Amino acid sequence: MQTKVETTEQGAHDTQAAQLPQTTDARNPGQALDLDWVLGAEANRSAIERRCATLPGRRSVKKDYQAAWLLRAITCIDLTTLAGDDTEGRVRRLCAKALNPVRADILDALGMEQITTGAVCVYHDMVPAAVGALSGSDVPVAAVSTGFPAGLSPFHLRLAEIGESVAAGAEEIDIVISRRHVLTGNWQALYDEMRAFRAACGEAHVKAILATGELGSLRNVARASLVCMMAGADFIKTSTGKESVNATLPVSLVMIRAIRDYHERTGYRVGYKPAGGISKAKDALVYLSLMKEELGDRWLQPDLFRFGASSLLGDIERQLEHHVTGAYSAGWRHATS
Ligand SMILES: O=C[C@H](O)COP(=O)(O)O
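No experiment lies behind these values; they were computed from the predicted model shown. (Residues numbered from 1 in each chain as written. Predicted model: local features only at pLDDT ≥ 70, side-chain atom pairs only at ≥ 80, totals over all residues. Heavy atoms only, no water.)

### A look at the site of the ligand
Part 1 of the argument: Around the ligand, the neighbouring residues are T80, L82, K237, T240, G241, A275, G276, G277, G308, A309 and S310.
Part 2 of the argument: K237 is positioned with one of its side-chain polar atoms (N or O) 3.1 Å from an oxygen atom of the ligand.
Part 3 of the argument: At 2.5 Å, a side-chain N or O of S310 approaches an oxygen atom of the ligand.
Part 4 of the argument: In isolation the ligand has 310 Å² of accessible area, and contact with the protein removes 84% of it.
Part 5 of the argument: In terms of residue class, the shell around the ligand is built from three nonpolar, seven polar and one charged. (Near = heavy atom within 4 Å. Polar contact = N/O pair within 3.5 Å; in protein donor to acceptor, adjacent residues only side chain to side chain. Areas by Shrake-Rupley, 256 points an atom, 1.4 Å probe, with all protein chains shown as cover. Nonpolar A, V, L, I, M, F, W, Y, C, P; charged D, E, K, R; others polar.)

Structure (structure tokens):
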């Protein structure tokens, strides 16, 4: 029997392409824990910091393009309130803002239809108020569960909390991982925990909060990102917003490259959510351009990218108003709740 032998360079490329997994829009099912892959993940801090240092200084998009990017950023916000003094009234006001994030006259001037934020993100107790306020819309409620923000409540209670949030109508669950599993290199324990959280979520999508400010090194961030994706995370998220260091560009680059690696090896796209301390429109533009450069346009959609932010929307709306009127209004005019 004759076998076809590839002799041309193109033939070699075709063979290589045939070996790559097909990209799919299906939900990431996860896979077995691959420790060789995890332990092979490294992060060169100085190269990462050099790359990130070039980002904010870069000429950014201007005028109408900038307005379009800012509107896109709004559609990717998980509009968040995670405060001990949250009330149902505050959550209802936040939901009203999520449904109408930009004033009609500004949208008219930009020639845009109504948009919404990507989701509203609240504590478990506030889920019913948010679900009620958003009913009839496409805006999902995301609940922070599993003993947010420390994630140190008994494991069975963390699983039960997920179940209760889903039963109350949350369509997205932001879980917090046990940092100690990462700090002690217990990747199997992290994988098992994440797998159990994913199973408890059922159809609800799960975002794995790594709390990167508490993981000790960028290498740990890379490894924890891979383990959570292998265990079936739909999104990986930087922070709770409660750590002393939250979303940063170097951490983002490491996580985004882990997402790229996972996609190249498995064909599954996992989403990215930087969270905590992102409050300026210009920072949002930097994150969007980082996503575009590292992962491509497909990751600029709300099903694959979210900002976890409580005050970003106000600054974006202020910048859009300036774009339309030429004047800046006071920041307090753009409060979100
Ligand atoms: O997940 C979202 C964060 O808790 C929001 O943090 P932020 O209040 O600093 O925007």
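Once you've had a look at it, read on.
### Concerning the sheet that holds strand β3 (residues 141–144)
Part 1 of the argument: Strand order in the open sheet formed by eight strands is β7-β6-β5-β4-β3-β2-β1-β8, and the pairing between neighbours is parallel. On the outer flanks of this sheet lie β7 (271–273) and β8 (307–309), each paired with one strand and no other. With strand direction ignored, the average angle separating the axes of adjacent strands in the sheet is 25°.
Part 2 of the argument: Pairing of β3 with strand β4 (residues 172–176) involves three bridges; the strand directions are parallel. Bridging from a neighbouring strand, V144 pairs with D174 of β4.
Part 3 of the argument: Against the sheet, helix α8 (residues 155–167) makes contact with β3 and β4, and its axis sits at roughly 160° relative to β4, the strand it touches most.
Part 4 of the argument: Sitting on the sheet, helix α10 (residues 187–201) touches β4 and β5 (205–209), and the angle it makes with β4 is about 160°. (Pairing = 2+ DSSP bridges. Helix = DSSP H or I, 4+ residues; strand = E, 2+ residues; numbered from the N terminus. Axes fitted to C-alpha atoms, helices over the stretch in contact; angles between N-to-C directions. Contact = heavy atoms within 4.5 Å.)

### Observations regarding the nonpolar core
Part 1 of the argument: If you look at the biggest cluster of nonpolar residues, it comprises 95 residues, and the most contacted ones within it are I175, C228, I236, F307, I316 and L320.
Part 2 of the argument: If we ignore the near neighbours within four places in the chain, the residues touching F307 are A73, C76, I77, D78, K273, P274, I278, A284, Y287, L288 and L312.
Part 3 of the argument: Judged by nonpolar contacts, the second largest core, of seven residues, contains C121, V144, F148 and I209. (Core = buried A, V, L, I, M, F, W, Y, C linked by side-chain atoms within 4.5 Å. Buried < 20%, exposed > 50% of the residue type's maximum accessible area, 1.4 Å probe, protein only.)

### Here's the deal with the side chain of R158
Part 1 of the argument: Within the fold, R158 resides in helix α8.
Part 2 of the argument: Within the structure, R158 has its side chain in polar contact with the backbone oxygen of S153 (distance 2.7 Å).
Part 3 of the argument: Every residue in contact with R158, bar those within four places of it in the chain, is listed here: T146, G147, G151, S153, S178, E193 and F197.

### Section: the confidence of the model for the chain
Part 1 of the argument: Scored by pLDDT, the chain comes out at a mean of 92, with 92% of its residues at no less than 70.
Part 2 of the argument: Predicted confidence for residues 1–12 stays below pLDDT 50, and this span has three contacts to residues more than four positions away or in other chains.
Part 3 of the argument: Reported for the predicted complex are a pTM of 0.92 and an ipTM of 0.97. (pLDDT = per-residue confidence, 0-100.)

### Observations concerning the pattern of salt bridges
Part 1 of the argument: The full count for this structure, using the stated rule, is 29 salt bridges.
Part 2 of the argument: Taking the shortest distance from any N to any O, the salt bridge between R265 and D261 comes out at 3.4 Å. Residue R265 and its partner D261 are both found in helix α12 (residues 249–266); the two are separated by four residues, about one turn of the helix.
Part 3 of the argument: Residue class for D261 comes out partly exposed when judged on its relative accessible area of 23%.
Part 4 of the argument: A salt bridge links D303 to R298; its shortest N-O distance comes to 2.6 Å.
Part 5 of the argument: Connected through salt bridges with shared partners, the residues D78, E172, D174, K207, K237, K273 and R306 form a single ionic network. (Salt bridge = Lys/Arg side-chain N within 4 Å of Asp/Glu carboxyl O.)

### Some thoughts on the packing of α12 against helix α13 (residues 281–295)
Part 1 of the argument: It is at 10 Å that the axes of α12 and α13 come closest, and there the two elements cross at 30°. Overall, the two elements α12 and α13 adopt an arrangement that is roughly parallel. Classified by chirality, the crossing of α13 by α12 is right-handed. Of the residues in α13, those touching α12 at L249, S252, L253, I256, R257, I259 and R260 are V286, Y287, L290, M291, E294 and L295. (Parallel < 35°, antiparallel > 145°, perpendicular 65-115°, else oblique. Left-handed = near helix turned anticlockwise from the far one by under 90°.)

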